[in-house]
Amino acid sequence: MPFLSLNTWSLHRNLGPLRWTYWDEETKMQNTAIDDQPETIPLLDLPFLLHRNGFQAMELCHFNLPDTSPAYIQKLRDSIARSGIRLYALLADYGDITSPDEERREADVNWMKKWIDIASALGAERIRIIAGNADPADEDAVRLAAAQLQRLIQYASDKHVRIVTENFHALTSTAANCITLLDMCGEGLGLTTDFGNFSGEGKLAELGMTIPRSESIHAKAMTDAEGNPNEDEFKSCMDLVRSSGYEGPMTLVYDGPGDMWEGINRVKALVEPYL
């Protein structure tokens, strides 16, 4: 049976500063840009808040972590455990494992290994890895992504963290590439499908290919200028989930204007009849 989960991006205006990772061409290293945001909800309090609001799980964006010290990671792990919800996935929101710059590619793989270690320490069940920014028509890049994902799968094999990728960024902007990566990597790789990451006339057809192979769904509704969801389109996406027999988390994603809890609850009301 599908169950309710929340992507912390849905509260990105409430969880404090965002810590964006980027590649610095001058230093040939990753760096961090801090985007100041008010902290009206401390991350350590979020698991309990989600539990009180009917959620069974959460997916945590890496840039929402205010501290990666062992002491803080243990505090957050304890908070999640005491709340009774699951940390279904840590979302590593940076990296290009298909970069033609070998130095950057290797640095990004090593960055992801560090975050696999953090995911393991947090008790996350999965870590979402971006498959790459290469042109989706580049078959060599697809093979390179598969090889790099297999390296990360091997690295994570004794850390109790499963590697998943997503229909996110250029390389996996087509359902065909998502499925190819799953087939090339075998059972070691999982997939997240985000409703909002396919678009155009073929959106539902693309979702129809990836949802049956997915173990996480990001239930993102398209919204208008006031934050009201396109209910008909969203229900069409949810109908595909229902018909597929999917039984994992329905991870709500709200990215619209206004009060974020109000936006989350509008999406939640559309999802609940399908649970």
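Provided above is the structure to which this section pertains.
Heads up: these notes are all about the structure in this document. Quick caveat: nothing in here was measured; it's all calculated off a predicted structure.

## Digging into the pairing of strand E10 (residues 249-253)
Then step 1. For E10, the tally of buried residues reaches 5 of 5 residues, placing the bulk of the element in the interior.
Then step 2. Examined bridge by bridge, strand E1 (residues 3-7) and E10 share 4 bridges and lie parallel to one another. Within E10, the residue paired with Ser 5 across the bridge is Thr 251.
Then step 3. Here strand E9 (residues 216-220) pairs with E10 via 4 bridges, running parallel. Pairing of Ala 219 across the sheet is with Leu 252, part of E10.
Then step 4. Crossover handedness for the path E9 to helix H7 (residues 231-244) to E10: right-handed.

## A look at the packing of aromatic side chains
Then step 1. In this structure the tally under the stated criterion is 7 aromatic pairs.
Then step 2. Measuring from ring centre to ring centre gives 6.3 Å for Phe 3 and Tyr 88, while their planes differ by 70°; the resulting arrangement is edge-to-face. Taken together, the positions of Phe 3 in strand E1 and Tyr 88 in strand E5 (residues 86-91) put the pair 85 residues apart, joining distant regions of the chain.
Then step 3. With relative accessibility at 15%, the residue Phe 3 sits in the buried group.
Then step 4. The buried category is assigned to Tyr 88, whose relative accessible area is 4%.
Then step 5. Plain terms: the ring middles of Trp 111 and Trp 115 are 5.8 Å apart, the flat faces sit at 45° to each other, and that makes the pair tilted. Note that Trp 111 and Trp 115 are positioned in helix H3 (residues 102-122) at a spacing of 4 residues, about one turn of the helix. Each member of the pair, Trp 111 as well as Trp 115, carries the same accessibility label: buried.
Then step 6. An aromatic cluster of three or more residues is present, and its members are Trp 9, Trp 20 and Phe 63.
Then step 7. Residue placement shows Lys 159 over the ring face of Tyr 155; its charged tip is 4.7 Å from the ring centre.

Definitions and limits used
- Residues numbered from 1 in each chain as written.
- Predicted model: local features only at pLDDT ≥ 70, side-chain atom pairs only at ≥ 80, totals over all residues.
- Heavy atoms only, no water.
- Buried < 20%, exposed > 50% of the residue type's maximum accessible area, 1.4 Å probe, protein only.
- Helix = DSSP H or I, 4+ residues; strand = E, 2+ residues; numbered from the N terminus.
- Pairing = 2+ DSSP bridges.
- Right-handed = clockwise from strand over helix to strand, strands pointing away.
- Phe/Tyr/Trp six-rings, centres within 6.5 Å; stacked < 30°, edge-to-face > 60°.
- Lys NZ or Arg CZ within 6 Å of the ring centre and 35° of its normal.

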